[in-house]
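Residue-level structure breakdown
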Amino acid sequence: MSNKVYIVGAGPGDYGLITLKAVECIKKADVLVYDRLVNPDFLNLKKDNCEVIYVGKESSNHIVPQDQINRILIDKFNDGKAVVRLKGGDPYVFGRGGEEAEALYDEGIEFEVVPGVTSAIGGLCYAGIPVTHRDYSSSFHIVTGHSKKDDQNEINWSSLSKEKGTLIFLMGIGNIGHIVKQLIENGKEPNTPVAFVSWATRHNQKTTLSTLKDARECVEREKIKAPTIFVVGAVVKLADKLNFFEKKPLFGKNIAITRSRAKNSELRKKLEEKGAKVIEIPTIDIKSIESSKVMIKEKIDGINDYDYLAFTSHNSVKYFFDILKFYSFDLRKLANVKLCSIGAATTSELEAKGVLPDITSERFDAVSLAVEISKHSVGKVLFPCSEIAGTALQEYLGNNGFAVDRIEVYSNRVNYSERERVVDILSNSSVDFITFTSSSTFENIVELMGAENISLLEKCKIISIGDITTKTIKSKINNNVFQSKEVSMESMVEKIIELL
Ligand code: SAH
């Protein structure tokens with residue numbers, strides 16, 4: 001990134017509603033200055049050493065005054081830092097982006113502005129409200145609802161009220177009585193449909209429909225709070241039909257998944273597509289075992305002595321191929337070795353490396369894979385695995401005349417530093433489901449939480465991926481344990497939907 005300050009729109013909240021350019025800016029930033037309405041998950045994209053400054057403000061309670069925010073941008077830039085100012089929605093739609101850009105201009109600092117999806121249009125879209133429609137509205141007007149008391153000079157209520165187009169008020173909840181009064185007094189039909197869309201595009205989005213004359217009471221009755229978009233106009237009538245987002249099967253559900261941070265979770269994506277809020281519980285820290293690299297070199301050099309290469313987890317594929325890459329190993333040398341894979345996730349990791357397995361097991365357990373391998377001719381097996389991988393595969397193949405070389409390529413340790421956070425999540429947030437994709441993820445969470453907290457798991461429905469995992473869970477917990485039909489992430493998602 002060149003020497004500039006980037007003022008960047010992060011969209012209304014949904015993780016997918018950010019631009020590629022914004023993502024690029026976040027990844028390169030040395031300093032990120034962000035607001036309350038920015039989805040904090042975007043911060044995970046930052047560089048390790050990036051400084052993060054929160055300047056969030058509630059509508060009337062400016063935590064950091066604007067001139068101070070401008071000062072931060074200027075000072076950090078002058079320190080030689082790549083500065084990114086990340087704002088909710090679009091920076092120029094009531095985001096004070098213009099003021100920040102002016103301040104930079106006045107200092108002679110080069111800047112660029114990256115537009116974002118504004119909540120005023122994109123947020124309403126997720127509530128099923130198109131801002132224009134040939135049958136209902138030929139224009140839309142985005143208005144600040146947060147105006148001073150004597151605002152006749154700021155907002156022309158008389159012409160706004162006569163407008164047939166859609167009226168969109170941002171920051172209007174605290175001022176709803178005044179807005180409604182002005183519109184009705186200036187001639188707006190009191191029965192005009194209105195909607196309130198709170199936390200638009202987020203998992204906790206809520207759309208409330210009403211009419212102009214009842215709007216004020218509706219805010220009180222439904223306890224509607226900021227951030228909310230208030231929209232007035234006939235297009236609101238379409239919300240029932242077009243609200244695709246709140247109709248998703250898992251919308252409003254909290255689902256905890258236990259996966260390591262090391263893998264960008266496939267399960268998480270699938271659940272979020274169905275509208276769930278996903279809470280990731282990192283129970284284990286997965287790391288490569290540096291000291292074993294040297295030992296592995298020898299095996300790799302002699303790869304042609306092996307007939308089979310067996311993988312029982314996606315991580316074993318990942319870490320083994322990382323080592324191959326480290327030693328500039330040419331994958332064509334694997335041509336005579338049969339690749340063996342357990343389960344869909346392991347196979348898809350292999351596919352991502354550009355190779356396909358020769359032998360797979362349908363069931364997600366090491367013995368099933370060993371049985372499949374043993375149907376082929378006896379030979380030498382290289383088995384890259386975790387330091388805690390069981391010995392079942394080795395034993396079964398050993399008993400059937402195979403020679404198995406186990407090499408531990410990654411460690412898999414309980415992340416005790418997360419204990420308090422995990423106990424807190426399970427006691428305080430209403431988790432509807434928790435998923436376990438292996439026995440070890442369950443054992444890890446039990447180890448992490450401590451036996452005294454195990455009953456916290458019984459508060460939610462537990463979804464297990466397969467027989468062995470279910471058996472492990474049931475050895476500790478009897479109630480609320482459900483198993484997916486097949487050993488796959490898709491099937492786990494289906495099971496959750498079925499239980500609803
Ligand atoms: N620049 C932002 C708007 C900033 S003003 C944009 O383009 O979206 C802040 C106001 O925007 C809030 O008070 C609320 O009215 C609205 N807003 C922003 N994000 C929202 C969201 N996700 N859901 C509902 N309202 C939102």
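1. Quick look at the domain arrangement of the chain
- Here the chain is described as being made up of domain 1 (5–117), domain 2 (121–243), domain 3 (254–283 + 415–498) and domain 4 (288–410).
- Taken over both partners, the interface formed by domain 1 and domain 2 buries close to 1,000 Å², and the fraction arising from carbon and sulfur atoms is 65%.
- Where domain 1 packs against domain 2, one counts zero salt bridges.
- Where domain 1 packs against domain 2, one counts five residue pairs in polar contact (both at pLDDT 80 or more).
- Along the lines of polarity and charge, the residues of the side of domain 1 that touches domain 2 split into seven nonpolar, three polar and two charged.

2. Considering the sheet that holds strand E16 (residues 359–361)
- Reading across from one edge, E13-E18-E17-E14-E15-E16 is the order of the six strands in this open sheet, with mixed pairing throughout. Looking at strand neighbours, the two that pair on one side only are strand E13 (284–288) and E16, the edges of this open sheet. For this sheet, the mean inter-axis angle between neighbouring strands, taken without regard to orientation, is 20°.
- Summarising the sheet, strand E17 (residues 380–386) and strand E18 (residues 403–414) pair through seven bridges and their orientation is parallel. Bridge pairing links Cys385 to Glu408 in E18.
- Against the sheet, helix H10 (residues 293–301) engages E17 and E18, with an angle of about 145° to E18.

3. So, the sheet that holds strand E9 (residues 206–211)
- Overall, mixed pairing links the five strands, which are arranged E6-E7-E10-E8-E9 in an open sheet. On the outer flanks of this sheet lie strand E6 (140–144) and E9, each paired with one strand and no other. Taking each pair of neighbouring strands and ignoring which way they run, the sheet shows an average axis angle of 20°.
- The pairing of strand E8 (residues 193–198) with strand E10 (residues 228–232) spans five bridges and is antiparallel. The partner of Val194 across the bridge, within E10, is Val232.

4. As for the site of the ligand
- Looking at the ligand, there are 17 residues lining it, with Val93, Thr118, Ser119, Ala200 and Thr228 nearest.
- With respect to the ligand, the backbone of Pro12 contributes an N or O atom lying 3.0 Å from a nitrogen atom.
- Ser119 is positioned such that a nitrogen or oxygen atom in its side chain is 2.7 Å from an oxygen atom of the ligand.
- For the ligand, the accessible surface in isolation is 540 Å², of which the surrounding protein chains cover 93%.

The rules behind the values
Residues numbered from 1 in each chain as written. Predicted model: local features only at pLDDT ≥ 70, side-chain atom pairs only at ≥ 80, totals over all residues. Heavy atoms only, no water. Domains from an automatic or database assignment. Buried area = accessible area lost by both parts, 1.4 Å probe. Salt bridge = Lys/Arg side-chain N within 4 Å of Asp/Glu carboxyl O. Polar contact = N/O pair within 3.5 Å; in protein donor to acceptor, adjacent residues only side chain to side chain. Nonpolar A, V, L, I, M, F, W, Y, C, P; charged D, E, K, R; others polar. Pairing = 2+ DSSP bridges. Helix = DSSP H or I, 4+ residues; strand = E, 2+ residues; numbered from the N terminus. Axes fitted to C-alpha atoms, helices over the stretch in contact; angles between N-to-C directions. Contact = heavy atoms within 4.5 Å. Near = heavy atom within 4 Å. Areas by Shrake-Rupley, 256 points an atom, 1.4 Å probe, with all protein chains shown as cover.

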